[in-house]
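# Summary of structural features
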Amino acid sequence: MLEATVSNKINSYTSHFIRPEGTLLIVLLVVAFLPVLLVDIPAMADYPNHLARMSILMRAGTPEAHPYYEAAWAPYPNLAMDLVVPFAGRLIGIELASKLFYLVSQMLVVSGAMAVGAAAQGRVILSGFVASLFLYAMPFAFGFVNFEFGLGIVLWSIAVWIWLAERPLPLRLAIHAVFVVVLYISHLFALGLYGIVVGLYELSRWPDHIENWKRTILLVAGMAAPVVAVGALALAYGGKVGGEGTEWALSAKLLALVQVNGFSRYTSSAVTVVLVILSYLAVKHRMVAVSRVGCWIGFGLLCLFIVMPFRVADTAFVDGRVLLALILILPAFVTIKRPQDSRGTFLVALAFGAGLANSGIAIWAQLSCRSEYRALMTAFDAIPMGSRILTGQNGLPDDPPTNLLLYPMYNAAALAVVTRNALMPTLFTYPGKQPVRPRPEVANLTVPQGGPIPMSELEAYAAGASPPVEAAYAAHWTRDFDYLLVIAPERSPPRHGNLELIAEGKQFKFYRIRKLVDADRKSG
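Every value quoted in this text rests on a predicted model; they were computed, and no experiment measured them.

Rules used throughout
Residues numbered from 1 in each chain as written. Predicted model: local features only at pLDDT ≥ 70, side-chain atom pairs only at ≥ 80, totals over all residues. Heavy atoms only, no water. Helix = DSSP H or I, 4+ residues; strand = E, 2+ residues; numbered from the N terminus. Buried < 20%, exposed > 50% of the residue type's maximum accessible area, 1.4 Å probe, protein only. Contact = heavy atoms within 4.5 Å. Areas by Shrake-Rupley, 256 points an atom, 1.4 Å probe, with all protein chains shown as cover. Lys, Arg positive; Asp, Glu negative; His and termini not counted. Charge placed at Lys NZ, Arg CZ, Asp CG, Glu CD. Pairing = 2+ DSSP bridges. Core = buried A, V, L, I, M, F, W, Y, C linked by side-chain atoms within 4.5 Å. 1 Å grid on protein atoms, 1.4 Å probe; cavity = no way out; pocket = protein on both sides within 12 Å on 5 of 7 lines; lining within 4 Å. Points joined across faces, edges and corners; volume = space filled by probe spheres on them. Nonpolar A, V, L, I, M, F, W, Y, C, P; charged D, E, K, R; others polar. Salt bridge = Lys/Arg side-chain N within 4 Å of Asp/Glu carboxyl O. Phe/Tyr/Trp six-rings, centres within 6.5 Å; stacked < 30°, edge-to-face > 60°. Lys NZ or Arg CZ within 6 Å of the ring centre and 35° of its normal. Axes fitted to C-alpha atoms, helices over the stretch in contact; angles between N-to-C directions. Parallel < 35°, antiparallel > 145°, perpendicular 65-115°, else oblique. Left-handed = near helix turned anticlockwise from the far one by under 90°. Expected span 1.5 Å × (residues − 1).

## Details of the overall build of the protein chain
Looking only at helices and strands, one finds 21 helices and 9 strands in the protein chain. Going through the 524 residues of the protein chain one by one, you find that 54% of them count as buried. Look at the contacts in the protein chain between residues 6 or more apart in sequence, and 77% of them connect residues 24 or more apart. Total accessible area on the protein chain is roughly 23100 Å²; 66% of this is exposed by carbon and sulfur atoms. Charge centroids of the protein chain, computed over 40 positive and 33 negative side chains, lie 6 Å from each other.

## Section: the pairing of strand 9 (residues 508–513)
Taken across its 6 residues, strand 9 has 5 buried, putting it largely inside the fold. Relative to strand 9, strand 7 (residues 483–487) runs antiparallel, the two sharing 5 bridges. Bridging from a neighbouring strand, tyrosine 483 pairs with arginine 512 of strand 9. Here strand 8 (residues 499–504) pairs with strand 9 via 5 bridges, running antiparallel. Bridge assignment links alanine 503 to a residue of strand 9, and that residue is phenylalanine 510. As consecutive antiparallel partners, strand 8 and strand 9 are separated by 3 residues.

## A closer look at the nonpolar core
Ranked by size, the top nonpolar core spans 168 residues in total, and within it Tyr194, Ile389, Trp477, Leu484 and Phe510 carry the most contacts. It is helix 5 (residues 94–121) that provides the largest number of residues to this core, a total of 14 residues.

## Overview of empty space enclosed by the protein
In this structure the tally under the stated criterion is 1 cavity of 30 Å³ or more. Its volume calculated, the largest cavity comes out at about 70 Å³. Surrounding the largest cavity, Met138, Pro139, Ala252, Leu255, Ala256, Gln259, Phe317, Asp319 and Gly320 form its lining. For the lining of the largest cavity, the secondary-structure elements that each account for two or more residues are helix 7 (138–141), helix 13 (250–256) and helix 16 (318–329). Among the elements that make up the lining of the largest cavity, the one with the highest residue count is helix 13 (3 residues). Residues belonging to the lining of the largest cavity are distributed by class as follows: 6 nonpolar, 2 polar and 1 charged.

## Some thoughts on the layout of surface pockets
In this approach, a probe sized like a water molecule rolls over the atoms, and the result shows the empty space that is left. Here the largest pocket defines a volume of roughly 1600 Å³. Taken together, 49 residues line the largest pocket, and the ones lying closest to its centre are Leu126, Phe129, Val130, Val334 and Ile336. Among the secondary structure elements, those contributing two or more residues to the lining of the largest pocket are helix 2 (20–37), helix 5, helix 6 (125–133), helix 14 (265–284), strand 2 (288–290), helix 16, strand 3 (334–336) and helix 17 (342–381). For the lining of the largest pocket, the element with the highest residue contribution is helix 14, accounting for 8 residues. In terms of residue class, the lining of the largest pocket is made up of 35 nonpolar, 10 polar and 4 charged.

## Notes on the pattern of salt bridges
A side chain with one charge can pair with a side chain of the opposite charge if their charged atoms come near. For the coordinates displayed, the defined rule picks out 12 salt bridges. Close ionic contact of glutamate 202 with arginine 172 constitutes a salt bridge, the shortest N to O distance being 3.2 Å. On the criterion of sequence distance, the pair formed by glutamate 202 in helix 10 (residues 188–203) and arginine 172 in helix 9 (residues 169–186) is long-range, its members being 30 residues apart. Exposure class is identical for glutamate 202 and arginine 172. Each is buried.

## Some thoughts on the environment of valine 322
By the secondary structure assignment, valine 322 is in helix 16. Its relative accessible area of 0% is what places valine 322 among the buried residues. The spacing of valine 322 and isoleucine 306 is 16 residues in sequence and 9.4 Å in space, taken between C-alpha atoms. Contacts of valine 322, omitting those with residues within four sequence positions, involve Phe189, Leu193, Leu301, Leu304, Phe305 and Met308.

## Things to note about the packing of aromatic side chains
One pass over the structure, following the stated rule, counts 13 aromatic pairs. Note on phenylalanine 142 and phenylalanine 144: the rings are 6.3 Å apart at their centroids and 75 degrees apart in plane angle, and the pair reads as edge-to-face. The exposure classification of phenylalanine 142 matches that of phenylalanine 144, with both residues buried. Members of the aromatic cluster, joined through ring pairs, are Phe142, Phe144, Phe310, Phe317, Tyr407 and Tyr410. Against the face of tryptophan 161 rests arginine 172, its NZ or CZ located 4.0 Å from the ring centre. Taking NZ or CZ as reference, lysine 253 lies 5.0 Å from the ring centre of phenylalanine 305, over its face.

## Side note on the packing of helix 10 against helix 16
Relative to each other, helix 10 and helix 16 sit at 50 degrees, their axes nearing to 11 Å. The pairing of helix 10 with helix 16 is recorded here as oblique in orientation. Handedness of the crossing formed by helix 10 with helix 16: right-handed. Between helix 10 and helix 16, the residues in contact are Phe189, Leu193 and Val197 and Val318, Arg321, Val322, Ala325 and Ile329, respectively.

## A look at the pairing of strand 4 (residues 389–393)
Counting buried residues along strand 4, 5 of its 5 residues qualify, which places the element largely inside the surrounding structure. In strand 4, alternate side chains face the same way, and those of Ile389, Thr391 and Gln393 on one face and Leu390 and Gly392 on the other are all buried. Bridge count between strand 4 and strand 6 (residues 453–454): 2 bridges; the pairing is parallel. Looking at strand 6, one finds that glycine 392 is bridged to isoleucine 453.

## Focus: helix 5
Over its 28 residues, helix 5 extends 40 Å from the first C-alpha to the last, a length consistent with the 40 Å expected when each residue adds 1.5 Å. A large share of helix 5 lies buried, amounting to 20 of its 28 residues. One or two positions beyond helix 5, positive phi appears at glycine 122, with a value near 75 degrees.

And the structure:
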């Protein structure tokens, strides 16, 4: 009986892909994964930092250990990539292992969204389309890899929770406990999203819970127990969650509303307009219906998005991540009845076109940044091992910048941490987030996280001005660093005669910092 039921469900899901909409979804998914497959190093703001950290962890404790950084393991709730990739890197190389982890994270998001759709209503097309469309949304395109992996696990865990809704309570709670542990290790915020969505799902079934209140008490206790246990163990062994910084920003919420493409604000805005039009037409012609569970989850996550700060525990884009989770989960509880006429064909064509255009821009962005990364890597190959590289920027260091194609260059100096054992002062080494720290002898030249320093400020520091605490590492940058990577360079040469241009691209200029003795010898 069970085998027949499973077989029928598999046949039902498979039949969806035989329809025209299913074929179009397969095309969209193939195109959506191409940006990662076409490049060696995915171009994202945080990715070079992650790649450098993986290299440091892989070599920790060996004769090839990094001279400037060391491992600092603790039960941090953000270790998915850190636990998997260094081990795999010893077998297949750190660059390939990191890219495969990112690709698996993308697959988890897409398949997880479709799994929720299958569990909720036996439909996967809409969930798959939305997941493929938002695969390069801002949080993902910015390189939040552990969060993306964790969110993929969240989607699968929600699907499993729904699938097991009528199963024996001990089985549900045992599987729930496993997911809690995996999600804690992967990303704490992902664990929070899982708890909130599962809680909203159970609240939507409140008549059943009132009728069987004893079972409900056991359910709530069983759901909370593994979370409390994991949290207590982590605290007992020195676990920590990031920093203490919290920031509310209305502008960030407005930006999150058009986050569908993290490489182009114009594309993101255009695709968002198309989605609004599609949603309006669907509602106007009564083609869409949302289930009671979907209303509970949608309203709950929307309220959370509104009240959630932009930055929590020194982790940014938190409210945008809530909205992204809402976007990926809600389609599973939505039913669309497409008109079988020219109107329906037009709506499908419009959605398909938006998906292709969105992924096409991501492909173009990756290929554009690939040439910049390659030029920079070639320049790094010519510098001595153990060099110290500072990153500056012309103009204001907006985070993210107005030109999102510039963002993947913000941490590009970290690529030299991998290939040349270099020091990069802003490599991610935040206690509570990353299990890596600078060695004591260079700690004064680093900060736990940061971005490029405006060139105007670097010029002021070189002239004797005192930097703020967060930029203290650059107080004597002409003495303490060997190279300067300038992002968004100006056409005119720098004011300092001790900067020697050795490589450049469209988005960067790479200088050697001549020490005073070198400059005096040349002038003499």
